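# Architecture at a glance
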Amino acid sequence: MNTPEKLKVLIVCTGNICRSPTAEALLRHHLISAGLGDRVLLDSAGMAGYHIGQPPSSEAVICAAERGYDLSALRARQITHRDFDDFDLILAMDHGHLRQLERQRPEGSACGLALYLDVMPDAGDEVADPYYGTLADYEIMLDVIESAAPPWIEAFKRDYLAAHGTKP
């Protein structure tokens, strides 16, 4: 019996210590709750290599933990050209990241690119970077990331898992 390949999703922000690891942990939590934890592989990366090997920012860890999300195992890494082969979909946190990804994507790559908030057109289109802000800015970031999680879970069920020959 052939096991269908997992859907592989990479979430990208600037340095991979605030937005993208928060979204990775949060989506993983929701995928497990939806019974899809074994069907979708999540990872996160930064456009820049400022924080390679570092854990998420303490503010991101604190805010996520208060809501039951664990970021402790995550470590920052920078996106590579191989990611465009290894992942089915890359989600960018803002338009700048999306433009960079479009420029970096190798010609002929089947990897899809989207904004994280594309599933919520009425919510705006970018997740603001809280890095130089206060804990309140991190809470706002988490609110926005959380609000897009259910629509992404439904999108994974409906569109992406179906493309991999699996049923939700």
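Above: the structure in question.
First, a word on what this report is: a plain description of the structure on this page. (Residues numbered from 1 in each chain as written. Predicted model: local features only at pLDDT ≥ 70, side-chain atom pairs only at ≥ 80, totals over all residues. Heavy atoms only, no water.)

## Brief notes about the sheet that holds strand β1 (residues 7–13)
Test applied: When DSSP locates at least two bridges between a pair of strands, those strands are taken to pair. Under the DSSP-based scheme used, a helix requires at least four consecutive residues in state H or I and a strand at least two consecutive residues in state E, with every element numbered from the N terminus. Each axis is a line fitted through C-alpha atoms, taken for helices only over the stretch in contact, and angles between the N-to-C directions span 0 to 180 degrees. Any two residues having at least one pair of non-hydrogen atoms within 4.5 Å are treated as being in contact.
Strand order in this open sheet of 4 strands is β2-β1-β3-β4, and the pairing throughout is parallel. If you trace the sheet from one side to the other, it starts and ends with β2 (40–46) and β4 (112–115), each paired once. Averaged over all pairs of adjacent strands, the angle between strand axes in this sheet comes to 25 degrees, irrespective of strand direction. Packing of helix α1 (residues 19–33) onto the sheet brings it into contact with β1 and β2, and relative to β2 it is tilted by some 170 degrees. Strand contacts of helix α4 (residues 95–104): β1, β3 (89–92) and β4, with the helix running at about 165 degrees to β4, the strand carrying the most contacts.

## Looking at the packing of aromatic side chains
Rule in force here: For Phe, Tyr and Trp, where Trp contributes only its six-membered ring, two rings pair if their centres lie within 6.5 Å, and the inter-plane angle classes them as stacked under 30 degrees, edge-to-face over 60, or tilted in between. Note on classification: 1.4 Å probe, protein chains only; a residue is buried when its accessible area is under 20% of the maximum for its type, exposed when over 50%, partly exposed between these limits.
If you walk through the whole model with that rule in mind, you get 2 aromatic pairs. Seen from their ring centres, Tyr-131 and Tyr-132 are 4.8 Å apart, and the 75 degrees between their planes marks the pair as edge-to-face. The partly exposed category is assigned to Tyr-131, whose relative accessible area is 34%. A relative accessible area of 79% places Tyr-132 in the exposed class.

## Some details on helix α2 (residues 58–66)
Rules: Think of the arc as the fan of directions from the helix axis to the C-beta atoms.
Among the residues of α2, Ala-60, Cys-63 and Ala-64 are the ones counted as buried. Looking down the long axis of α2, one finds its buried residues gathered within 95 degrees of arc, a one-sided arrangement. Once α2 finishes, Gly-68 follows within two positions and takes phi at roughly 90 degrees, a positive value.

## Considerations on unusual backbone geometry
One non-glycine residue, Asn-16, lies in the positive phi region at around 65 degrees. Mapped onto the fold, Asn-16 is located in the loop between β1 and α1. Overall, Asn-16 belongs to the buried group, its relative accessible area being 2%.

## Looking at the nonpolar core
Burial of nonpolar side chains together is a common tendency in soluble globular proteins. Stated formally: Put simply, a nonpolar core is a bunch of buried Ala, Val, Leu, Ile, Met, Phe, Trp, Tyr and Cys residues held in one set by side-chain atoms that sit within 4.5 Å of each other.
By size, the foremost hydrophobic cluster in this structure holds 39 residues, and its most contacted members are Val-9, Leu-27, Leu-91, Tyr-116, Trp-152 and Phe-156. Among the elements of the structure, β1, α1, β2, α2, β3 and α5 (135–163) are those that each provide at least two residues to this core. The biggest single contributor to this core is α5, with 10 residues. The residues contacting Trp-152, other than those within four sequence positions of it, are Leu-27, Leu-89, Leu-91, Leu-115, Tyr-116, Val-119 and Tyr-160. Counting 13 residues, the second-largest nonpolar core is a separate cluster that includes Leu-10, Phe-87, Ala-92 and Leu-101.

## Thoughts on the side chain of Thr-22
Defined as follows: The definition of a polar contact used here is a pair of N or O atoms within 3.5 Å, where within protein one atom must be able to donate a hydrogen and the other to accept one, and adjacent residues in sequence count solely through side-chain atom pairs.
Locating Thr-22 in the fold gives a position in helix α1. A polar atom in the side chain of Thr-22 sits 2.6 Å from the backbone oxygen of Cys-18.

## Digging into the pairing of β2
The element β2 is largely enclosed, with a buried count of 5 among its 7 residues. Looking at chain direction, β1 and β2 are connected through 7 bridges and run parallel. Note on β2: the bridge partner recorded for Leu-10 is Asp-43.

## Notes on the state of the cysteines
Rules: Pairs of cysteine sulfur atoms within 2.5 Å are what we label disulfides.
Here the structure, examined in full by the defined rule, presents 0 disulfides. No disulfide involves Cys-13; its nearest neighbouring cysteine sulfur is the one of Cys-18, lying 6.5 Å away. On the basis of relative accessible area, Cys-13 is assigned to the buried category, the value being 3%. We note that Cys-111 lacks a disulfide partner, and the nearest cysteine sulfur, in Cys-13, lies 16 Å from it.

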